[in-house]
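Here is how the chains run, residue by residue.
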Amino acid sequence: MSTLKEWLRKRGKAFSEKARAFGLPAPKEVLLIGVQGSGKSLTAKVVSSFRQIPLLRLDIGGLFRSGIGMSEENTRKALRAAETIAPCILWLDEIEKGLAGFQSSKVSDAGTTARVFSTIVTWLQEKGKPVFVVATANDISQLPPKLLRIGRFDEIFFVDLPTAEERKEIFSIHIRKIRRNPENYNLEKLIEMSDEFSGAEIEQVIVSGLYDAFYENRELIQEDLERAIKETMPLSQAMREQIQSLREGAKGRARFASKLT
């Protein structure tokens, strides 16, 4: 995700008082949309680690309660809590699920979803505390149009399945994570075999191969990883039409997180 990482790096210093004195506004929000398992949620965690500030996860679906006005009050309390802890990262995970049915909410839930949505949108627009929002969504078509209008988010990125070069990097990271040397494996072959695999699926390939090696009381070898790839049905095959639809929907609405996509 070189484009996304470059965007985040440039804004990393913009949280400082020096940036305020320079006249630079603090970064506010970024929306990450795209394929499941491609690293959207991990990005929120990385931003928190990089900035060394707390990461808060807001489950929008968990805000809803049956009592009149309780959902809206829960929303206001959660947002006030984030402002109290600021500076922090507020991660809105899978927001399309929490706001599902927004268009018909006035009929289905007496307008509760619409009011919760309005509370969140107003806060995003007017918040004065240094709370950087990282929102993630799998399907942009399920998001309310008001949430996607120009200026609502600092930027919207589409996170696609990793390119060949990115898959090489992902394999290397996870092989080193299990205390092995990536140079001991034929990464080019693994990259070729794992075309259209997500980062999460590549991680599971490593784990699966490690299980086989441990069960047979031997070291992890190339064949373990190749076998795990062959036995994996990637999401790109099981949901090919849906993923293509996500890509088409992102065109003209979002920047691609990877330069090589």
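An account of the accompanying structure is given in this report.

Calculation criteria
- Residues numbered from 1 in each chain as written.
- Predicted model: local features only at pLDDT ≥ 70, side-chain atom pairs only at ≥ 80, totals over all residues.
- Heavy atoms only, no water.
- Salt bridge = Lys/Arg side-chain N within 4 Å of Asp/Glu carboxyl O.
- Helix = DSSP H or I, 4+ residues; strand = E, 2+ residues; numbered from the N terminus.
- Buried < 20%, exposed > 50% of the residue type's maximum accessible area, 1.4 Å probe, protein only.
- Expected span 1.5 Å × (residues − 1).
- Contact = heavy atoms within 4.5 Å.
- Axes fitted to C-alpha atoms, helices over the stretch in contact; angles between N-to-C directions.
- Parallel < 35°, antiparallel > 145°, perpendicular 65-115°, else oblique.
- Left-handed = near helix turned anticlockwise from the far one by under 90°.
- Nonpolar A, V, L, I, M, F, W, Y, C, P; charged D, E, K, R; others polar.

## Here's the deal with the pattern of salt bridges
A pair can form between side chains of opposite charge whenever their charged atoms are brought close. Tallied over the full model, the rule gives 21 salt bridges. Across the salt bridge formed by Arg-115 and Glu-72, the nearest N and O atoms sit 2.5 Å from each other. One end of the pair, Arg-115, is in helix α7 (residues 112–126); the other, Glu-72, is in helix α4 (residues 70–85), with 43 residues separating them in the sequence. Judged by its relative accessible area of 38%, Arg-115 falls in the partly exposed class. Glu-72 gets classed as buried once you look at its relative accessible area, which sits at 8%. Measuring nitrogen to oxygen at the nearest pair gives 3.9 Å for the salt bridge that ties Lys-177 to Glu-203. You can see Lys-177 sitting in helix α8 (residues 164–177) and its partner Glu-203 sitting in helix α10 (residues 199–215), a full 26 residues away along the chain. Taking the relative accessible area as the measure of exposure, Glu-203 reaches 31% and is therefore partly exposed.

## A closer look at α10
Given a rise of 1.5 Å per residue, 17 residues ought to cover 24 Å, and the 25 Å separating the end C-alpha atoms of α10 matches this to within 8%. Listed as buried for α10 are Gly-199, Glu-201, Ile-202, Val-205, Ile-206, Gly-209 and Ala-213. Elements that come into contact with the buried residues of α10 comprise α8, α11 (222–230) and α12 (235–238).

## Overview of the packing of α8 against α10
Where α8 meets α10, the closest approach of the two axes is 10 Å, and the angle between their N-to-C directions is 40°. Classified by the interaxial angle, the pair formed by α8 and α10 is oblique. Between α8 and α10 lies a crossing whose hand is right-handed. Contacts from Arg-167, Ile-170, Phe-171, His-174, Ile-175 and Lys-177 of α8 reach α10 at Gly-199, Ile-202, Glu-203, Val-205 and Ile-206. For the contact of α8 with α10, a count of residues per class yields six nonpolar, two polar and three charged.

## Points about the environment of Thr-119
One can find Thr-119 in helix α7. Relative accessible area serves as the criterion here: at 18%, Thr-119 is assigned to the buried category. Considered as a pair, Thr-119 and Ile-156 are 37 residues apart in the sequence and their alpha carbons are 21 Å apart. Not counting residues up to four positions away in its chain, the partners in contact with Thr-119 are Thr-75, Arg-76 and Leu-79.

Treat this as a map of the structure, not an account of what it does.
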